[in-house]
Amino acid sequence: GQQVMQIPQYQHVQEGEDFTTYCNSSTTLSNIQWYKQRPGGHPVFLIQLVKSGEVKKQKRLTFQFGEAKKNSSLHITATQTTDVGTYFCAGSHQAGTALIFGKGTTLSVSS
Amino acid sequence: NAGVMQNPRHLVRRRGQEARLRCSPMKGHSHVYWYRQLPEEGLKFMVYLQKENIIDESGMPKERFSAEFPKEGPSILRIQQVVRGDSAAYFCASSPGARGIGNTIYFGEGSWLTVV
């Protein structure tokens, strides 16, 4: 079936270092959404990207949607301990169809 | 303005028993989704419902699982004759309109089912 692949599965960084997670699909996505889930918590919506090549920023977080709308990335600049959690991308292959989630990238940050 | 409410938060069932998970969407939301999350895994879509209608159940196991969203009351995910492999976190989400571009879905805090 259609899948959304996400790498890396785990990433450990020192506080202040940057972090990037990548999301890839074999087929074109109509849109991509990013969620953050803290340990023991529930997914919280971060952002949605719709347009080819779109870039959006939220403070230290930068989200990109590839030109071909098959990949996306989330980059965090100067990580903080509050950034700890699992970051999921989720995409729809057709507008109105189910969101397919990647397996997530779990970020740990040591101070 | 309450968010998506799920209960129970934690449920323990013996093999063969039934589990019922309830979800009340956010105020003003008429679309409900159920996802299952296994340890170390992403969220797997199960079912998408509107009031009194199942719109998409392509992610639901063929047997033992059912979902409803009645005209009155919460959405219910029902698992009959539970097995150990059903142990997971079940997340409900809701949106104000039909799923698609521009309609963010908001997740509840989840129901953790443990089958012993």
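Residues numbered from 1 in each chain as written. Chains lettered and ligands numbered in written order. Predicted model: local features only at pLDDT ≥ 70, side-chain atom pairs only at ≥ 80, totals over all residues. Heavy atoms only, no water.

Caption draft 1: Structural view of the state of the cysteines. Summed over the entire model, instances satisfying the criterion amount to 2 disulfides over all chains. Disulfide pairing places A:C23 opposite A:C89 at an S-S distance of 2.0 Å. Linking A:C23 and A:C89, the disulfide has an S-S dihedral of approximately 75° and is accordingly described as right-handed. With A:C23 in strand 3 (residues 19-25) and A:C89 in strand 9 (residues 85-92), the pair connects residues that are 66 residues apart, well separated along the chain. Of the two residues, A:C23 and A:C89, both sit in the buried class. Across a sulfur-sulfur distance of 1.8 Å, B:C23 and B:C92 are joined as a disulfide pair. (Disulfide = S-S within 2.5 Å. Helix = DSSP H or I, 4+ residues; strand = E, 2+ residues; numbered from the N terminus. Buried < 20%, exposed > 50% of the residue type's maximum accessible area, 1.4 Å probe, protein only.)

Caption draft 2: Molecular detail of the interface of chain A and chain B. Contacts between chain A and chain B engage 23 residues on the former and 20 residues on the latter. With both chains or domains summed, chain A and chain B bury close to 1700 Å², and 57% of this area falls on carbon and sulfur atoms. Of all residues in chain A, the largest losses of buried area upon contact with chain B belong to A:H42, A:F101 and A:K103, amounting jointly to 27% of the total for that side. At the surface where chain A touches chain B, the tally comes to 0 salt bridges. The interface formed by chain A and chain B holds 2 residue pairs in polar contact (both at pLDDT 80 or more) in total. (Contact = heavy atoms within 4.5 Å. Buried area = accessible area lost by both parts, 1.4 Å probe. Salt bridge = Lys/Arg side-chain N within 4 Å of Asp/Glu carboxyl O. Polar contact = N/O pair within 3.5 Å; in protein donor to acceptor, adjacent residues only side chain to side chain.)

Caption draft 3: Structural view of the packing of aromatic side chains. Counted by the stated rule, this structure contains 13 aromatic pairs over all chains. Arranged with centres 5.5 Å apart and planes meeting at 90°, the rings of A:Y35 and B:F107 form a pair that is edge-to-face. Of this pair, A:Y35 sits in strand 4 (residues 31-37) while B:F107 sits in strand 10 (residues 106-107), which puts the two residues in different chains. The pair A:Y35 / B:F107 is uniform in exposure class, with both members buried. Plain terms: the ring middles of B:F91 and B:W112 are 5.6 Å apart, the flat faces sit at 75° to each other, and that makes the pair edge-to-face. A residue pair is termed long-range when its members are at least 10 positions apart, and B:F91 in strand 9 (residues 88-95) and B:W112 in strand 11 (residues 111-115) qualify at 21 residues. B:F91 gets classed as buried once you look at its relative accessible area, which sits at 0%. On the accessibility criterion, B:W112 (24% relative accessible area) is partly exposed. Feature note: the residues A:Y35, A:F45, A:F88, A:F101, B:Y35, B:F45, B:F91, B:F107 and B:W112 constitute an aromatic cluster, connected by ring pairs. (Phe/Tyr/Trp six-rings, centres within 6.5 Å; stacked < 30°, edge-to-face > 60°.)

Caption draft 4: Quick peek at the sheet that holds strand 6 (residues 55-58) of chain A. Residues and elements named next belong to chain A. Pairing is antiparallel in the open sheet, where 5 strands are placed in the order 1-3-8-7-6. Whereas interior strands pair on both sides, the edge strands pair on one side only; in this sheet they are strand 1 (4-7) and strand 6. With strand direction ignored, the average angle separating the axes of adjacent strands in the sheet is 15°. Two elements, strand 7 (residues 61-65) and strand 8 (residues 71-76), share 5 bridges in a ladder whose sense is antiparallel. Bridge pairing in strand 8 places T62 opposite H75. (Pairing = 2+ DSSP bridges. Axes fitted to C-alpha atoms, helices over the stretch in contact; angles between N-to-C directions.)

Caption draft 5: Geometry of the pattern of salt bridges. Taken as a whole and judged by the stated rule, the model has 6 salt bridges over all chains. A:D83 is the partner of A:R60 in a salt bridge, and the nearest nitrogen-oxygen pair spans 2.9 Å. Separated by 23 residues along the polypeptide, A:R60 in the loop between strand 6 and strand 7 and A:D83 in the loop between strand 8 and strand 9 bring together distant segments of the chain. One salt bridge connects B:R20 with B:E18, and the closest N-O pair in it is separated by 2.8 Å. According to the relative accessible area criterion, B:E18 is partly exposed, its value standing at 28%. Residues participating in the shared-partner salt-bridge network are B:E18, B:R20 and B:R78.

Caption draft 6: Up close: the sheet that holds strand 8 (residues 75-79) of chain B. All names here are of chain B. The strand order across the open sheet formed by 4 strands is 1-3-8-7, and the pairing between neighbours is antiparallel. Only two strands of the sheet have a single partner each, and these edge strands are strand 1 (5-7) and strand 7 (65-68). Neighbour to neighbour, the strand axes of the sheet diverge by 15° on average, direction disregarded. For strand 3 (residues 19-24) and strand 8, the ladder comprises 5 bridges, and the chain directions are antiparallel.

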